[in-house]
Amino acid sequence: MRLATPAPRLLAYLGSAARRTDTPPEAAEARAVLADRVRSGLGTDPAARRRVAERLTGLDPEWDPHSTVAALLAG
């Protein structure tokens, strides 16, 4: 997983890769790494999950949509 790829672009790719049969094996590995980061970064904290949802849906005017997944998950 490339750390510099903008989060929305990376998430869109990995989401579509999950539904395809011709996806490279590295995509499944990247999805697993991402899932682990989400679990460890957000856990069950409703405020953290809300913050990420607001960022992804454009409701957080402070968040740069070209930011990385690490920035997306950061508090």
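Predicted, not measured: the structure shown is a model, and the values here were computed from it. (Residues numbered from 1 in each chain as written. Predicted model: local features only at pLDDT ≥ 70, side-chain atom pairs only at ≥ 80, totals over all residues. Heavy atoms only, no water.)

Caption draft 1: Fine view of the overall build of the chain. Helix and strand content of the chain: four helices and zero strands. Secondary structure elements in the chain, listed N-terminal to C-terminal, are α-α-α-α. Its C-alpha radius of gyration of 13 Å places the chain within 12% of the 11 Å reference for a compact globule of 75 residues. In terms of overall dimensions, the chain has a C-alpha envelope of 35 × 25 × 20 Å along the principal axes. Taken over 75 residues, the chain has a buried fraction of 25%. Considering only intrachain contacts with a sequence separation of at least 6, the fraction spanning at least 24 residues in the chain is 46%. Of the accessible surface of the chain, which amounts to about 5,200 Å², a share of 55% is contributed by carbon and sulfur atoms. Positive and negative side-chain charges of the chain, numbering 11 and 9 respectively, have mean locations separated by a distance of 4 Å. (Helix = DSSP H or I, 4+ residues; strand = E, 2+ residues; numbered from the N terminus. Rg over C-alpha atoms; globule rule 2.2 N^0.38 Å. Buried < 20%, exposed > 50% of the residue type's maximum accessible area, 1.4 Å probe, protein only. Contact = heavy atoms within 4.5 Å. Areas by Shrake-Rupley, 256 points an atom, 1.4 Å probe, with all protein chains shown as cover. Lys, Arg positive; Asp, Glu negative; His and termini not counted. Charge placed at Lys NZ, Arg CZ, Asp CG, Glu CD.)

Caption draft 2: Quick peek at the packing of helix α1 (residues 7-17) against helix α2 (residues 25-42). Between α1 and α2, the shortest axis-to-axis distance is 10 Å and the interhelical angle comes to 120°. With respect to each other, α1 and α2 are oriented oblique. Between α1 and α2 the crossing geometry is left-handed. When α1 is examined against α2, the residues L11, Y13, L14, G15 and A17 are found in contact with a partner set consisting of A27, A30, R31 and L34. Here the residues of the contact of α1 with α2 are counted per class, giving seven nonpolar, one polar and one charged. (Axes fitted to C-alpha atoms, helices over the stretch in contact; angles between N-to-C directions. Parallel < 35°, antiparallel > 145°, perpendicular 65-115°, else oblique. Left-handed = near helix turned anticlockwise from the far one by under 90°. Nonpolar A, V, L, I, M, F, W, Y, C, P; charged D, E, K, R; others polar.)

Caption draft 3: Expanded view of the nonpolar core. Among the nonpolar cores identified, the biggest contains 14 residues, and A7, L14, L42, V52, V69, L72 and L73 are the most heavily contacted of them. Of all the secondary structure elements, the ones that give two or more residues to this core are α1, α2, α3 (46-56) and α4 (69-73). The contact partners of A7, leaving out residues within four places of it in the chain, are W63, S67, T68, V69 and L72. (Core = buried A, V, L, I, M, F, W, Y, C linked by side-chain atoms within 4.5 Å.)

Caption draft 4: Geometry of the environment of A7. With respect to the secondary-structure elements, A7 resides in helix α1. The class for A7 is buried, based on a relative accessible area of 0%. For the pair formed by A7 and A53, sequence separation is 46 residues and the distance between their alpha carbons is 12 Å.

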